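# Descriptive structure summary
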Amino acid sequence: MKHIFYFLFLILFVTCTIDNEYDYFNQHDCDTIGISYVNSNLDKSIQAIINSKCLSCHSELNMAQGSFVVLETYEQLTNSSYDLYDLLVGPNASMPKVGSPQLTDCEKLKIDNWINNQYPYDEMGR
Ligand code: HEC
């Protein structure tokens, strides 16, 4: 029985001390573990963020918004010709364009985590 408490304490200790390099974001209540492009849990899905915050300008249909970049697929999103970190997360992030709904701190943290993990496609890490 005693061992269980040690074990629980260890888990608590470890989860409380795992730190993120971007302390300036409010990380409370933001689950950034296991983020992938497609995910059965929409809270862990990058595609869900793109659908809600980017496709209004970056779909084939909506390109008339002035962007000539389509972001409907994984391949299009992870195209190495642009730096997603700089565009979406870094201090000079410029997307989504001013005037449209912005990414929340938590969404930025999820994207950051996804980039750091080499853009996993799905929950199996492909
Ligand atoms: C309100 C319209 C709008 C929204 C919403 C928007 N963008 Fe853009 N995006 C543009 C326009 C317009 C450009 C063309 C460059 C420019 O005008 O800055 C662009 C350019 C880009 C580029 C190409 C940058 C380059 O260096 O070539 C990428 C990648 C991009 N956006 C990603 C995103 C992502 C990811 C989101 C969602 C988080 C997003 N955008 C949301 C309008 C938008």
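Just so it is clear, the structure is predicted and the values come from calculations on it, not from any experiment.

Each value, and the rule that gives it
- Residues numbered from 1 in each chain as written.
- Predicted model: local features only at pLDDT ≥ 70, side-chain atom pairs only at ≥ 80, totals over all residues.
- Heavy atoms only, no water.
- Disulfide = S-S within 2.5 Å.
- Helix = DSSP H or I, 4+ residues; strand = E, 2+ residues; numbered from the N terminus.
- Buried < 20%, exposed > 50% of the residue type's maximum accessible area, 1.4 Å probe, protein only.
- Near = heavy atom within 4 Å.
- Polar contact = N/O pair within 3.5 Å; in protein donor to acceptor, adjacent residues only side chain to side chain.
- Donors = N, O, S within 2.8 Å, 3.2 Å for Na, K, Ca; no water.
- Tetrahedral: all angles 85-135°; square planar, octahedral: opposite > 155°, others 65-115°.
- Contact = heavy atoms within 4.5 Å.
- Salt bridge = Lys/Arg side-chain N within 4 Å of Asp/Glu carboxyl O.

Further remarks concern the state of the cysteines. What the rule picks out here adds up to 1 disulfide. In this model Cys30 forms its disulfide with Cys106; the gap between the sulfur atoms is 2.1 Å. As the torsion about the S-S bond is roughly 90°, the Cys30-Cys106 disulfide counts as right-handed. Note that Cys30 is positioned in the loop between helix 1 (2-17) and helix 2 (46-53) and Cys106 in helix 6 (residues 105-116), a separation of 76 residues in sequence. Residue Cys30 is classed as buried on the basis of its relative accessible area of 14%.

Turning our eyes to something else, we now look at the site of the ligand. For the ligand, the set of nearby residues contains 17 residues, the closest of which are Cys54, Cys57, His58, Met95 and Lys97. Taking His58, its side chain carries an N or O atom lying 2.7 Å from a nitrogen atom of the ligand. The separation between an oxygen atom of the ligand and a polar side-chain atom of Lys97 is 2.9 Å. Contributing elements (two or more residues each) for the shell around the ligand: helix 3 (55-58) and helix 5 (84-89). Broken down by element, the residue count for the shell around the ligand peaks at 3 residues, all from helix 3.

The reference angle at a metal is 109.5 degrees if four donors form a tetrahedron and 90 or 180 degrees if six donors form an octahedron. Only His58 (NE2) and Met95 (SD) from the protein reach the iron atom of the ligand as donors, at distances of 2.0 to 2.1 Å. One way to put it: the 6 donor atoms around the iron atom of the ligand meet at angles of 87 to 177°, and that makes the site octahedral. Of this pair, His58 sits in helix 3 while Met95 sits in the loop between helix 5 and helix 6; the two residues are 37 residues apart in sequence, bridging distant segments of the chain. The class for His58 is buried, based on a relative accessible area of 11%.

Turning our eyes to something else, we now look at the environment of Gln102. Along the polypeptide, Gln102 turns up in the loop between helix 5 and helix 6. Overall, the relative accessible area of 42% leaves Gln102 in the partly exposed class. A sequence separation of 48 residues divides Gln102 from Cys54, and the C-alpha atoms of the two residues are 9.5 Å apart. Every residue in contact with Gln102, bar those within four places of it in the chain, is listed here: Lys53, Pro96, Lys97 and Glu107.

The next subject is the pattern of salt bridges. Per the counting criterion, the structure on display carries 2 salt bridges. Here Asp31 and Lys44 are joined by a salt bridge, their closest N and O atoms 2.8 Å apart. Of this pair, Asp31 sits in the loop between helix 1 and helix 2 while Lys44 sits in the loop between helix 1 and helix 2, and the two are 13 residues apart along the sequence. A salt bridge links Lys53 to Glu107; its shortest N-O distance comes to 2.7 Å. Taken together, the positions of Lys53 in helix 2 and Glu107 in helix 6 put the pair 54 residues apart, joining distant regions of the chain. Judged on exposure class, the residue Lys53 and its partner Glu107 are both buried.

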